[in-house]
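# Working through the structure, step by step
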Amino acid sequence: MRHKRPIAVLLVVAASVASSWSAETHDIRTITVVAAVDEEFRNAFGEQLREMLGEVVSRVSELYESELQLRFELDPRIRDWSYEGGAHRVRSALRAAIPLESDSTLVVGFTARDEFSEAGLAAASDPYVVIRRRPSVSANDELTYFLAHEVAHVFYAFHVGTETGADCHLMRVAIEIIGEEPCPGSPSFHPATLTILRATRGMDLSSDVRQLEAETLTLIIETYEAHAARASTNPIEIAFVELAQRHQRAGDINAAREVAEVVVEIA
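This text gives an overview of the structure that appears in the document. Along each chain, residues carry numbers from 1 onward, in the same order as the chain's sequence is written. With pLDDT at 70 or above as the cut-off, local features in this predicted model cover only qualifying residues; side-chain atom pairs require 80 or more to be listed or tallied, and sums for whole chains, interfaces and linings still use all residues. Here the side-chain values reflect all heavy atoms present in the structure, with hydrogen atoms and water set aside.

### A few points about the overall build of the protein chain
Tallying secondary structure elements over the protein chain gives nine helices and six strands in all. For each residue, the accessible area found with a 1.4 Å probe, counting protein chains only, is set against the maximum for its type, and the residue is called buried under 20%, exposed over 50%, and partly exposed in between. Expressed as a percentage of its 267 residues, the buried residues of the protein chain come to 50%. Where accessible areas are quoted, they stem from the Shrake-Rupley method and a 1.4 Å probe; at the residue level, only the protein chains shown are allowed to cover. Accessible surface, the protein chain as shown: approximately 12,500 Å² in total, 49% of it carbon and sulfur. Going along the chain from the N terminus, every DSSP run of H or I of four or more residues is numbered as a helix, and every run of E of two or more is numbered as a strand.

Right under this line is the structure:
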């Protein structure tokens, strides 16, 4: 499964992708964001909830549209949801509560509970994202940053280490942004992140990792090997783990076992 190619060749391919990709040659893709909020989150924002979520989604859209021709629009109906348990159950609860409406729908659950420490939860090829509000004097900035960050994970982006504290790209390692302002002003995309997102921006959000062509898989894996932060997990591995779990939930143990063998090979 692992496609070996010298890093020097990868860098040439990545540079070619970056230089040849132009927003003018790609149609805008619109992704509908279906927002679901728990009781604690709704109470935290009250009558300002819809306006706040609209602003957050609009700011994320501006960032992605300028670089990737990806536009995000908030569905006008804000859903309610709740969950029991910690981080390992929260996205499953969101998936069970809100069905996916199309191959260009992203379901985002917003919570203000503190059962888990992460500011956001997402996985490659999984259109269900969770964002946790932490006490902050700049809630809109924080929610914008973390939504943009977790959306990138859905499209196979990984954490990229920073060389200096002033570096403010979107996929900084999570530990670097806990306890401080997420990013002053607008975050930027690291070149490695752009390489991945430009290769995956058109993927079907209702499908899984098997939709990716071999060339795209190779690009993701080797870009990860060249640029990932030390604590970052291979997004292809994550996507296959998610697929195995999906088979297991459906009761197809043989299919889950076959996918698990692919995960072992990648790892």
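### Structural notes on the environment of I238
Tracing the backbone shows I238 in helix α8 (residues 235-249). When its relative accessible area of 29% is taken as the criterion, I238 is described as partly exposed. With 112 residues separating them along the chain, I238 and D126 place their C-alpha atoms 10.0 Å apart. By the convention used here, residues are in contact when the closest approach between their heavy atoms is within 4.5 Å. If we ignore the near neighbours within four places in the chain, the residues touching I238 are A123, A124 and T233.

### Overview of α8
For α8, which comprises 15 residues, the first-to-last C-alpha distance of 21 Å matches the rise-based estimate of 21 Å (1.5 Å per residue) to within 8%. If you check which residues of α8 are buried, you get P235, I236, A239, F240, E242, L243, A244 and H247. What qualifies as a polar contact is a pair of N or O atoms within 3.5 Å, subject to a donor-acceptor requirement within protein and to the restriction that residues adjacent in sequence count only when both atoms come from side chains. The N-capping residue of α8, defined by a side-chain oxygen 2.9 Å from the backbone nitrogen of I236, is N234. Among the residues trailing α8, G251 stands out with phi positive, at a value near 85°. To estimate the expected span of a helix, count its residues, drop one, and scale the result by 1.5 Å.

### Overview of the packing of aromatic side chains
Side-chain rings of Phe, Tyr and Trp, where Trp is taken by its six-membered ring, are said to pair if the distance between their centres is within 6.5 Å; with planes under 30 degrees apart they count as stacked, over 60 as edge-to-face, and otherwise as tilted. Tallying each qualifying case throughout the model produces seven aromatic pairs. Each ring, one from Y145 and one from F146, has its centre 5.5 Å from the other, and the planes form 85°; the classification is edge-to-face. Overall, the relative accessible area of 2% leaves Y145 in the buried class. Among the residues examined, F146 registers a relative accessible area of 5% and is labelled buried. An angle of 90° between the planes, with centres 5.5 Å apart, marks the rings of F158 and Y224 as edge-to-face. You can see F158 sitting in the loop between α5 (139-154) and α6 (191-200) and its partner Y224 sitting in helix α7 (residues 214-227), a full 66 residues away along the chain. In terms of burial, F158 and Y224 fall into one category: buried. Through pairs of rings, three or more aromatic residues link up here, namely F41, F45 and F110. Either the NZ atom of lysine or the CZ atom of arginine qualifies as a charge over a ring when it sits within 6 Å of the ring centre and within 35 degrees of the ring normal. Directly above the aromatic system of Y83 lies the positively charged group of R113, at a separation of 4.1 Å from the ring centroid.

### Some words on α6
α6 sits mainly inside the fold: eight of its ten residues count as buried. Along α6, the residues classified as buried are A192, T193, L194, T195, I196, L197, R198 and T200.

### As for unusual backbone geometry
If you check the backbone angles, Q69 has positive phi at about 60° while not being a glycine. Of note, Q69 is situated in the loop between α3 (49-68) and β2 (70-74).

### Structural notes on the pattern of salt bridges
Opposite charge on two side chains lets them pair, provided their charged atoms get close. When a carboxyl oxygen of Asp or Glu is within 4 Å of a side-chain nitrogen of Lys or Arg, the pair counts as a salt bridge. Per the stated rule, a full pass over the model turns up eleven salt bridges. The shortest N-O distance in the salt bridge between R71 and E65 comes to 2.8 Å. Here E65 falls in the partly exposed class, since its relative accessible area comes to 22%. Of the charged contacts, one joins E242 and R91 as a salt bridge, the two residues approaching to 2.9 Å between their closest N and O atoms. Placement of E242 in helix α8 and of R91 in helix α4 (residues 87-97) is noted, with a sequence separation of 151 residues between them. R91 gets classed as buried once you look at its relative accessible area, which sits at 15%. Look at the salt bridges and you will find they share partners, linking R91, R95, D126 and E242 into a network.

### Some words on the environment of F72
Mapped onto the secondary structure, F72 falls in strand β2. Contact partners of F72, with chain neighbours within four places excluded, come to I31, V33, V57, V60, S61, Y64, L106 and V151.

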